[in-house]
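Listed here are the chains, written in short residue letters.
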Amino acid sequence: HGGHSYDCKSSDAIELVSRAERDAVVSFASQLAAQGTPAPVVAIGSTPTCSVPPSDGLGGVTEMHPGNYLVYDVMQAGIGSCRVQDVALRVLTRVAGHYESRNTL
């Protein structure tokens with residue numbers, strides 16, 4: 001899982017993670033197959049890596065499993081997965097906690 005893609009600050013950085021994620025999982029599936037254990041499903045995915053896949057394709061990957069890819073959120077826009085106008089959903093709620101040391105709500 002390309003969870004570290006959430007630390008990226010641009011679509012170029014996300015693409016690097018996406019490529020590394022693809023390469024690692026496809027390589028592992030190939031190694032399994034070479035040892036007699038085929039992997040008919042080769043799955044990757046996080047919302048950022050699904051949104052910014054490798055420019056040279058997803059060869060060897062059979063499935064992607066992103067989280068909020070269908071609706072996005074402001075955090076995804078902030079790291080470069082999408083544009084603010086791509087966010088399809090808004091939620092209005094009260095803030096339940098504020099953690100100044102982590103700069104989060």
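Below, the structure is looked at part by part.

Parameters at a glance
- Residues numbered from 1 in each chain as written.
- Predicted model: local features only at pLDDT ≥ 70, side-chain atom pairs only at ≥ 80, totals over all residues.
- Heavy atoms only, no water.
- Helix = DSSP H or I, 4+ residues; strand = E, 2+ residues; numbered from the N terminus.
- Rg over C-alpha atoms; globule rule 2.2 N^0.38 Å.
- Buried < 20%, exposed > 50% of the residue type's maximum accessible area, 1.4 Å probe, protein only.
- Contact = heavy atoms within 4.5 Å.
- Lys, Arg positive; Asp, Glu negative; His and termini not counted.
- Charge placed at Lys NZ, Arg CZ, Asp CG, Glu CD.
- Phe/Tyr/Trp six-rings, centres within 6.5 Å; stacked < 30°, edge-to-face > 60°.
- Lys NZ or Arg CZ within 6 Å of the ring centre and 35° of its normal.
- Expected span 1.5 Å × (residues − 1).

1. Some remarks on the overall build of the protein
Next up, step 1: When its secondary structure is counted, the protein shows 3 helices and 2 strands.
Next up, step 2: Along its sequence from the N terminus, the protein presents helices and strands in the succession α-β-α-β-α.
Next up, step 3: Taken against the 2.2 N^0.38 rule, which gives 13 Å for 105 residues, the C-alpha radius of gyration of the protein at 17 Å runs more than 25% over that of a compact globule.
Next up, step 4: Expressed as lengths along the three principal axes of its C-alpha atoms, the size of the protein is roughly 55 × 25 × 20 Å.
Next up, step 5: Classification of the 105 residues of the protein by burial places 29% in the buried group.
Next up, step 6: Looking at the protein alone, contacts between residues at least 24 apart form 46% of all its contacts between residues at least 6 apart.
Next up, step 7: Here the protein holds 7 positive side-chain charges and 10 negative ones, and the gap between their average locations is 9 Å.

2. Points about the packing of aromatic side chains
Each aromatic ring pair is specified by the distance between its two centres and by the angle formed by the two planes.
Next up, step 1: Counting across every chain of the model gives 0 aromatic pairs.
Next up, step 2: In this structure, Arg102 packs its charged tip against the face of Tyr99, placed 4.4 Å from the ring centre.

3. A few points about helix α1 (residues 11-34)
Next up, step 1: The terminal C-alpha atoms of α1 lie 34 Å apart, and with 24 residues this matches the ideal 34 Å at 1.5 Å per residue to within 8%.
Next up, step 2: Of all the positions in α1, only Ile14, Glu15, Val17, Ser18, Glu21, Arg22 and Ala29 are classed as buried.
Next up, step 3: In this fold, the buried residues of α1 make contact with β1 (43-44), α2 (47-51) and α3 (74-79).

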